[in-house]
Amino acid sequence: MFKEKHKILITQLSNDPQDQKVISELSSAYWSHISDSAGELVRQRKDLDDFLEQESDLIDYGLCPGLLDVEKTRTEISDYDLSQSRITIQTMSGWLKDLIAKINEGAKKGQLTRDIKLSEIQIRKVQGEIKVIQNSRREMLAKNLEMNEKFVNKQLEALENTDQLLYESIRSKKAISRGMFFTVEQKREHCKRENQLQKDLKKADSVIDSIRDKTISSELKKACSSLEGLLSKVVDLENATAKLSEDLKELEKKAQETSPIELENRVRREIEYIRDMTRLSAKRLHLESMPLLKDGDKFINNKNLSDCINRILEFDPHIFHNDRVNMFGKPSILLVPGIGNSLYDWKNNILIVPLKSPSGNHMASIACGIIEYRLDVDEEKKLLTSYNQIPELKGIRSVFQIRTKLIKDYIGWMTSEYKGYRILPKDIKNWFEHEIAPPKNEIYTPPELQQYAVPTADYKTLLQEIELKTKDIEKCETNALWTGSVLYHQQGKFEKSFELISALVQRHPDNLLALYNYAQTASKVMKKSEALDAFKKYCEKNPQSWWARVARDRIRQLSM
């Protein structure tokens, strides 16, 4: 047992909760305990259930007798049902069970297939970054080359041809360094290409040096240098993908069983990976990662977590409108003992959420991981490029700086703007309202009923079911009234939608989103006075929020 083995360290931490040496030792001990115990049981082909059940308080929440009241804290954390959460939420013990199940199913093949897909996604991401830099370079050259348009276009085309030549050169060099056999003809072609590349690079330098503004000239040279690094990264990823494909074919041929030692190593690697990601979360904030909870620690509980997820999905409803969801599904959440802001792990498609949020700001922690996810799945960098076009941000050329700024503003959007506090500059707030927020002149549509989120066949089936369920409105269930009001609104059948949402508001006058939708739908069916009254009631019941600001704007519009 962990407590007996590390009794002295636990006592020292209890006496001095700020002892950094003890914190570091206990952090390492926590992860070693899980890795060693799980690894040994897997190697011996034994069931993990007894171990996970006995140590669940420690593994899931970092609870250890001697540091706090374990039973009371466990209840405070877990006394809320997450089974209906819109995003799958797991604790470490649940994650470990799933991991072992996948490994025991011979998931090496599945892992290789997944790694190939992830590698292909990474290639597209880097190619998107290349395109962004090329477009930026094109704009700078077009503005600053003091030549006629025909000459400028010729130089731009030559630069992009040089990029392609550089890509082919990098591919050949890396192939040679790996010992790949080249025929005489291929060697001649490589030498010819290298000579041409050197000439083209000198011409490109000459064109850039001709620009009078040396700041622009310097930026362009940095862009060209960045392109070379990204092209090299694409080649590495392509080679890695090819290697993974070969490994997959070889695995399918051999169809060999995984040895117990291989199983153990795989389990250890996965646990250590989560450990490193959790430590990274703390390191980003210059904190020491500490899995064990102590008296006075501010921790997130299931209710907090559910509320944060619901707010994000309410205030950023299109978050899962991306191709990654079609391939891998929505990301899940892994609640991990530790401290820091949440982060997105693209490798496993999970949001890693440390149990302790800095300063107890759970919403900021979750939002941090969500915007990382949003940026990661935006392979063409549309969001970042659009954000960079805001007048006051156009001067920021560093992708890292603009990304950091967007993450900070997104957290502000979710934590303060949601509550109606105007902390973002006007142009940035307008950008969020255009790119992130629900539409101002429409009803609120929950993410699970967004048309993009429901396959066409399923959507038609859902419509048919709702038609049957809502024939007798008086006997209709509350959930059917809500779903029906949204679906009919999407179909443009506003009278029917209004009929259902009216019945829902009569039954549940304190349901704020239903009241808001009632007001929006009333305006669609030309019931102006009903819409005004409902918007006013909404503002009275929820005066300090972004939604209330929208409602007040709608009141002004309807009153004109």
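Just so we're clear, the structure is a prediction, and the values are computed from it rather than from any experiment.

J.: What should I look at first to understand helix α9 (residues 149–177) in this one?
T.: Two residues of an α-helix separated by three or four positions point the same way, owing to the 3.6 residues in each turn. Here α9 spans 42 Å end to end across 29 residues, near enough to the 42 Å set by a 1.5 Å rise per residue. One or two steps after α9, the chain reaches G179, where phi turns positive at roughly 85°.

J.: Please explain the pattern of salt bridges as it appears in this structure.
T.: Once the charged atoms of two side chains with opposite charge are near each other, the side chains can pair. By the definition in use, this model includes 33 salt bridges. Among the salt bridges present, the one from D409 reaches K405, with a minimum N-O distance of 2.8 Å. A residue pair is termed a helical-turn pair when its members lie 3 or 4 positions apart in one helix, as D409 and K405 do in helix α17 (residues 399–415) at 4 residues. Using a relative accessible area of 26% as the deciding quantity, one classes K405 as partly exposed. One salt bridge connects D510 with K541, and the closest N-O pair in it is separated by 3.3 Å. Here D510 is found in the loop between α21 (494–507) and α22 (512–524), whereas its partner K541 is found in helix α23 (residues 528–541), with 31 residues between them in sequence. Within the structure, one salt-bridge network assembled from shared partners comprises R124, K125, R324, D376 and E379.

J.: When you look at unusual backbone geometry in this model, what are you seeing that I'm missing?
T.: Phi is positive for H286, close to 60°, though the residue is something other than glycine. By secondary structure assignment, the location of H286 is in the loop between α12 (260–283) and α13 (302–315). Here H286 falls in the exposed class, since its relative accessible area comes to 76%. Unlike most non-glycine residues, S359 shows phi in positive territory, near 60°. Tracing the chain through its elements places S359 in the loop between β4 (350–356) and α15 (362–377).

Thresholds applied
- Residues numbered from 1 in each chain as written.
- Predicted model: local features only at pLDDT ≥ 70, side-chain atom pairs only at ≥ 80, totals over all residues.
- Heavy atoms only, no water.
- Helix = DSSP H or I, 4+ residues; strand = E, 2+ residues; numbered from the N terminus.
- Expected span 1.5 Å × (residues − 1).
- Salt bridge = Lys/Arg side-chain N within 4 Å of Asp/Glu carboxyl O.
- Buried < 20%, exposed > 50% of the residue type's maximum accessible area, 1.4 Å probe, protein only.

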